[in-house]
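Topology and contacts: notes
Listed here are the chains, written in short residue letters.
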Amino acid sequence: MVFVDATGKVCPIPVIMTKKAIEAGATELTVVVDNPTAVENLKRLANAIGFDAAVEDISGGFRLSLTKNNKNVDEAATTATTSCASSGSWAVFAGQDVIGSGDRELGSSLIKIFFYALSESDDLPSHILLMNDGVKLASVNNATIEHLQTLKDKGVSVLVCGTCLNFYGLADQLKVGMVSNMYDIFGQMQIAAKVVSL
Amino acid sequence: MSRYAVILFKSSHDAIRADKLLRDILPVTLMPTPRRFSASCGIALRFDESQIAETEELIRQHKLRGTIKLMED
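Figured I'd write up the structure that's included with this text. Treat the numbers as computed from the prediction; the structure is a model and nothing was measured. (Residues numbered from 1 in each chain as written. Chains lettered and ligands numbered in written order. Predicted model: local features only at pLDDT ≥ 70, side-chain atom pairs only at ≥ 80, totals over all residues. Heavy atoms only, no water.)

Take the overall build of chain B next. If you tally the helices and strands in chain B, you get two helices and four strands. Mapped in sequence order, the helices and strands of chain B form the string β-α-β-β-α-β. Considering chain B as a whole, with its 73 residues, one finds that 42% of them fall into the buried category. Considering only contacts in chain B between residues 6 or more positions apart, those separated by 24 or more positions represent 70%. (Helix = DSSP H or I, 4+ residues; strand = E, 2+ residues; numbered from the N terminus. Buried < 20%, exposed > 50% of the residue type's maximum accessible area, 1.4 Å probe, protein only. Contact = heavy atoms within 4.5 Å.)

Put into structure tokens, the structure is as follows:
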């Protein structure tokens, strides 16, 4: 059993330390980290290189037990796990149905053309997170509903705050995306390499 | 290759006013002005090229200061 202490280390260091230990021949490892991004990255690494991963919450962090299994190794995925801000790992958060503060008409036009541009982009976020007035983008704003649908069809997950839909009486008017909650939305923010807030 | 038409505007006020006036009549979509027309304001309106005649008429009726261009992508 090899012990890797990556406490206090941020991406990509925990993954690199773990990879080194495995390259040196370790088949059973205990890795200790203190941030959820490292947990997600290590789980992806384990999956890519044919290891099983069990995660345990410990005081001040997480303990991962990695054990070699006999599954195939995916070289491409192994490389991907050390790139911290790789595409697909970012999220967009909209807490309002406009961009910025100032004139509402302008802000509303800007958010429509933002989602138009995003839907045509090659580098898509993994998640779009909608809260407060942002839920209107997926329920009553026809222009943004269309763009969000295009994004969803391209594989982007749209998570919509259910509390907010209820608050505004829009629960039965959701047109695109999945009703979600603070734990899921917060969880996606923690996993994402970056969160772009509108 | 798909073809569509855009209306370019001199000011964002014109673009926002045009969107409000036209969106209930025609299927128009607000979009960023394509880069090669960067001399215009940053907000453009996209619509189907089959509706150019109708759109031109509406632009005239409402005295919207916009120019129609054909796009391919």
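Scanning the model with the defined rule gives 11 salt bridges over all chains in all. Among the ionic pairs, A:Arg104 bridges to A:Asp97, the shortest N-O distance being 3.1 Å. Classification of A:Arg104 by relative accessible area gives partly exposed; the value is 49%. Ionic contacts of the salt-bridge type, sharing partners, join the residues A:Lys112, B:Asp19 and B:Arg23 into one network. (Salt bridge = Lys/Arg side-chain N within 4 Å of Asp/Glu carboxyl O.)

To continue, consider the packing of helix α1 (residues 13-23) of chain A against helix α2 (residues 36-49) of chain A. Residues and elements named next belong to chain A. Orientation of α1 relative to α2, taken along the N-to-C sense of each, is 35°, at an axis distance of 9 Å. The handedness of the crossing between α1 and α2 comes out as right-handed. Contacts between α1 and α2 involve Pro14, Val15, Thr18, Lys19 and Ile22 from the former and Ala38, Asn41, Leu42, Leu45 and Ile49 from the latter. Residues of the contact of α1 with α2, tallied by class, amount to seven nonpolar, two polar and one charged. (Axes fitted to C-alpha atoms, helices over the stretch in contact; angles between N-to-C directions. Left-handed = near helix turned anticlockwise from the far one by under 90°. Nonpolar A, V, L, I, M, F, W, Y, C, P; charged D, E, K, R; others polar.)

Residue and element names in this part refer to chain A. Inspection of every chain in the model, using the stated rule, returns one disulfide over all chains. With a sulfur-sulfur separation of 2.2 Å, Cys161 is cross-linked through a disulfide to Cys164. Here the disulfide of Cys161 and Cys164 is right-handed, its torsion about the S-S bond being about 80°. Here Cys161 matches Cys164 in class, with each residue buried. (Disulfide = S-S within 2.5 Å.)

A separate point is unusual backbone geometry. Despite not being glycine, A:Asn132 shows a phi value in the positive range, around 50°. Locating A:Asn132 in the fold gives a position in the loop between β6 (127-130) and α5 (142-153). Judged by its relative accessible area of 42%, A:Asn132 falls in the partly exposed class. With a phi angle near 50°, B:Lys63 is a residue other than glycine that sits in the positive phi range. Under the relative-accessibility criterion, B:Lys63 is labelled exposed at 67%.

Here the focus is the side chain of A:Asp97. All names here are of chain A. Assignment of secondary structure puts Asp97 in the loop between β5 (90-94) and α4 (104-119). Polar side-chain contacts of Asp97 include one of 3.1 Å to the side chain of Arg104. Setting aside residues no more than four positions away along its own chain, Asp97 makes contact with Arg104, Ser108, Ile111, Asp133, Gly134, Lys136 and Leu137. (Polar contact = N/O pair within 3.5 Å; in protein donor to acceptor, adjacent residues only side chain to side chain.)

Let us now look at the environment of A:Gly102. Relative to the elements of secondary structure, A:Gly102 occurs in the loop between β5 and α4. Counting along the chain gives 72 residues from A:Gly102 to A:Leu174, while the straight-line C-alpha distance between them is 27 Å.

This part is about the environment of A:Ile58. Residue and element names in this part refer to chain A. With respect to the helices, strands and loops of the structure, Ile58 is situated in strand β3 (residues 51-58). On the accessibility criterion, Ile58 (26% relative accessible area) is partly exposed. Remark: the alpha-carbon pair of Ile58 and Asp103, spanning 45 residues in sequence, is separated by 48 Å. If we ignore the near neighbours within four places in the chain, the residues touching Ile58 are Val32 and Arg63.

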